[in-house]
Amino acid sequence: MGGSCTQRRPAGRRQVLFPFLLPLFYPALCEQIRYSIPEELAKGSVVGNLAKDLGLSVLDVSARKLRVSAEKLLFNVDAESGDLLVKDRIDREQICKERRRCELQLEAVVENPLNIFHIIVVVEDINDHAPQFDKKEIHLEIFESVSSGARISLDPATDPDINTNSVKDYQLSPNPYFSLMVRVNSDGGKYPELSLEKPLDREEQRSHSLILTALDGGGPPRSATAHIEISVKDTNDNPPVFSKDEYRISVSENLPPGSSVLLVTATDQDEGANAEIHYYFRSTAQSTRHMFSLDEKTGLIKNNQSLDFEDIERYTMEVEAKDGGGLSTQCKVIIDILDENDNSPEIIITSLSDEILEGSLPGMVVALFKTRDRDSGGNGEVTCHIGRDVPFKIYSSSNNYYKLVTDGALDREQTLEYSVTITATDRGKPPLSSSTTITLHITDINDNAPIFHQAFYVVHVAENNPPGASIAQVSASDPDLGPNGHVSYSIVASDLEPRALSSYVSVSAQSGVVFAQRAFDHEQLRAFELTLQARDHGSPALSANVSLRVLVGDRNDNAPRVLYPALGPDGSALFDTVPRAAQPGYLVTKVVAVDADSGHNAWLSYHVLQASEPGLFSVGLRTGEVRTARVLGDRDAARQRLLVAVRDGGQPPLSATATLLLVFADSLQEALPDLSDHPEPTDPQAELRFYLVVALALISVLFLLAVILAIAPHLRCSSSPSAWGCFQPGVCVKSGPVVPPNYSEGTLPYSYNLCVAHTGKTEFNFLRCSDPLHSTQDIVCGDSPGALIPLQSGNDLTSHPETLTPWVQ
């Protein structure tokens, strides 16, 4: 016993590498490993050192998981020595039945790397069976007229052993009338025949008893005996004759049971009972007799059961024709079974990888399998294929063995697992096929960097925000699994000073929420930019950056600041002189103010809060320019005080005031006496009198309105339409312009039209302005749009009262 495949190893340093390279090249060095053992070997017996024959060390046996596989596992591998051991009873006659050569096919599988080797164990026959006769008692009838030299065929003994252990010789007990002849057929079978040595005389001896012994060729030989009882009968001198000495026929394995297979015929020249022929099976195995039946009278052979080419390819039998006189003859019948494609291929998975890394290179072996088809010829030739929609392919590694390898990139994020269906198809007509599905799980690696949901982030934060409030949130996703897909956030760069960065913002590593660490001031920092990083927890870690721009929005938290007119060193307001002959629209001075806020919060407007002579001066709404609204009258005081309010556009608006001291004089020397008069202290009683006068005036106005409403219907019927003519085109200029129609004032354009109405009362009416306002418009000494301000000077104005109405250009 031992392996029949050995290799010599080269000397030198290459000898060290050979054990590691041998598993890779072993199929090319040796196709098969053969062992030879006798049958009935005891369990645990050593067949051969498989590890040594494969070029493996003792340590490699367990490290590379050396094992054998077969349909029926009769052997196993000793994990310590690498010996191939007998695991179960090996009976050649049971395993191989009637085959002359008994070979067991095994596969040796090793891992790291995964490979497979073919092993053939030849089971040699031993003489464990004695010959046997079908009948212990053989009764023969022979006519006395049979001449000397006639031969009578006897049933041979059968022995399931083969070669020298099968039946080798026959012996006959001594007898003067009969001798033993052994006929050898073309297949090597030995058949005993009695030869008549001298004529029989029924009157002298009516019967003869003989002992036939069958011996096999084993050592020591085994034997069997049969008792032959010969009865002598009257003459029948012509034995039957078959039409052929050998009949041969081929039938399909799909032949239904009970079908006619073959008709054997024999003839006898005798007449009467001596010519009546009966047919019997002789020298035929019991399995063949169970499979076929022989009609005793007609010689028709039928099949009793379904035929199966995969079990037995050929049946051989002996048919004896015996006439009524006891003479017989034999013929040989050979029935060949034709294979039909009645077996589908089988797929047997011998090894399968549990997990596959998604970054595996193409060509990595993930499974080993083999195919088997019990049919023969083209019916047993099998081809395998898999679907085209999977990144795998198969190729044949040896006879009916295949490897399933990767054939493309594997991405777990796209496909978690693959269901690979392997289909095996034979080449029969029609072809038969079978399939099996294996599931391959893909293991994740850190091959995807985090991806932010936006290419960049812009966030608006109003100033004066509470410290610790969240101002933004960035979010990134990673399709990887587990730690490879867990993302944490951090700030890696900023246009702020590195030391000041932590005092401005921070980011939550888990959620990506950005927090303000302090209240922002738009006037100090209007915008800043951060670079945030999302990093996964893989090894090595992958990351991605994104830009976050924070725009600090303005709030109206700064009141306007008046730059001009500035206060004097003692805190008093400075003065400006105005020529007495100044015409309407004359630029007296300009109130200049600034606001630290921006946008609408810094959009300043100028308003007259208080004036010594209302209507004498106008202030540009957006420019702050102070101009004369009319000429100085005789009744107007030379010294005027003007209180101007500066409001921003915020909600709520913030304001500041500026006090203007204006003196009408043609020269500075003329203005000095007016400036030297200091205002007297305010008298509380005078203020009280002032409020009483104002209250009395309001009551008078209400009474006057009631009277006007009572007489208005009568006046409408008798009044001329010319009273409303000021609203017609061209009428607004009939009394001449009182206020210059156009001059530049501020950056927002506004325009007003002066309309004259003969209502019996002189007044200016400033109606609501509609945007956009032109820069040429003034507001004449009014606190709010639509206020009526009486005019005190000018006879022309008294005789032609006018009302200012808005006109949007």
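Just so you know, these numbers come straight off a predicted model, no measurement behind them.

Caption draft 1: Here's a closer look at the overall build of the protein. When helices and strands are counted, the protein shows nine helices and 54 strands. Every one of the 809 residues in the protein was classed for burial, and the buried ones make up 42%. A separation of at least 24 residues holds for 68% of the contacts in the protein among residues at least 6 apart in sequence. Looking at the protein as shown, the accessible area adds up to about 43,400 Å², and 53% of this sits on carbon and sulfur atoms.

Caption draft 2: Highlighting a nonpolar patch on the surface. A cluster of nonpolar residues, Val701, Leu702, Leu704, Leu705 and Ile708, forms a patch on the protein surface that exposes about 460 Å² of accessible area. With respect to the helices and strands, the residue Ile708 is situated in helix 8 (residues 684-718). We classify Ile708 as partly exposed; its relative accessible area is 42%.

Caption draft 3: Layout of the side chain of Glu39. In this fold, Glu39 is placed in the loop between strand 1 (32-38) and strand 2 (46-49). Buried charge without a salt bridge: Glu39, with Arg92 as the nearest opposite-charge side chain at an N-O distance of 4.5 Å. Within polar-contact distance, the side chain of Glu39 engages the backbone nitrogen of Arg92 at 2.9 Å. Discounting chain neighbours no more than four positions away, the residues touching Glu39 are Ile90, Asp91, Arg92, Glu93, Val123, Glu124, Asp125, Ile126, Asp128 and Asp161.

Caption draft 4: Expanded view of the pairing of strand 21 (residues 300-303). Side chains of strand 21 alternate between two faces, with Ile301 and Asn303 buried and Leu300 and Lys302 left unburied. Examined bridge by bridge, strand 17 (residues 260-263) and strand 21 share three bridges and lie antiparallel to one another. The residue bridging Ser260 from the neighbouring strand is Lys302, located in strand 21. When strand 20 (residues 292-294) meets strand 21, the two strands line up antiparallel, connected through three bridges. For Phe292, the partnering residue across the bridge sits in strand 21 and is Asn303.

Caption draft 5: Looking closely at the sheet that holds strand 42 (residues 575-578). The mixed open sheet is built from four strands, whose spatial order is 42-49-48-45. Strands with a single pairing partner mark the edges of an open sheet, and in this sheet they are strand 42 and strand 45 (605-611). Looking at each pair of strands side by side, their axes are set apart by 35° on average, direction ignored. Bridge analysis of strand 48 (residues 639-647) against strand 49 (residues 655-664) gives nine bridges, and the strand direction is antiparallel. Pairing of Arg639 across the sheet is with Val663, part of strand 49.

Caption draft 6: Quick peek at the pairing of strand 29 (residues 401-406). Of all six residues in strand 29, six are buried, a share of seventy percent or more. Neither face of strand 29 is open: one carries Tyr401, Lys403 and Val405, the other Tyr402, Leu404 and Thr406, and all of them are buried. Pairing between strand 28 (residues 392-398) and strand 29: six bridges, direction antiparallel. Considered in strand 29, the bridge of Lys393 is made with Val405. Between the antiparallel neighbours strand 28 and strand 29 lie two residues, among them Asn400 with a positive phi of about 65°.

Caption draft 7: Examining the pattern of salt bridges more closely. The full count for this structure, using the stated rule, is 25 salt bridges. Put simply, Arg314 and Asp336 hold a salt bridge, and the shortest N to O gap is 2.7 Å. Within this pair, whereas Arg314 is found in strand 22 (residues 314-322), its partner Asp336 is found in strand 23 (residues 328-338), the two being separated by 22 residues in sequence. With relative accessibility at 14%, the residue Asp336 sits in the buried group. Measuring nitrogen to oxygen at the nearest pair gives 2.8 Å for the salt bridge that ties Glu346 to Arg372. Placement of the pair is Glu346 in strand 24 (residues 346-352) and Arg372 in strand 26 (residues 365-372), with a sequence separation of 26 residues. Here Glu346 falls in the partly exposed class, since its relative accessible area comes to 31%. Here the salt bridges share partners, and the residues they tie into one network are Glu246, Arg248, Arg314 and Asp336.

Caption draft 8: A look at the sheet that holds strand 13 (residues 207-216). Overall, mixed pairing links the four strands, which are arranged 8-14-13-10 in an open sheet. Each edge of the open sheet is held by one strand with a lone partner, namely strand 8 (137-143) and strand 10 (167-172). Adjacent strand axes in the sheet meet at a mean angle of 25° when their direction is disregarded. Sheet topology note: the strand 8/strand 14 (residues 223-233) ladder contains seven bridges and is parallel. Residue pairing across strands places Ile142 opposite Val232, the latter belonging to strand 14.

Each value, and the rule that gives it
Residues numbered from 1 in each chain as written. Predicted model: local features only at pLDDT ≥ 70, side-chain atom pairs only at ≥ 80, totals over all residues. Heavy atoms only, no water. Helix = DSSP H or I, 4+ residues; strand = E, 2+ residues; numbered from the N terminus. Buried < 20%, exposed > 50% of the residue type's maximum accessible area, 1.4 Å probe, protein only. Contact = heavy atoms within 4.5 Å. Areas by Shrake-Rupley, 256 points an atom, 1.4 Å probe, with all protein chains shown as cover. Patch = residues over 30% accessible without salt bridge, like charges linked within 9 Å, V, L, I, M, F, W, Y side chains within 5 Å. Salt bridge = Lys/Arg side-chain N within 4 Å of Asp/Glu carboxyl O. Lys, Arg positive; Asp, Glu negative; His and termini not counted. Polar contact = N/O pair within 3.5 Å; in protein donor to acceptor, adjacent residues only side chain to side chain. Pairing = 2+ DSSP bridges. Axes fitted to C-alpha atoms, helices over the stretch in contact; angles between N-to-C directions.

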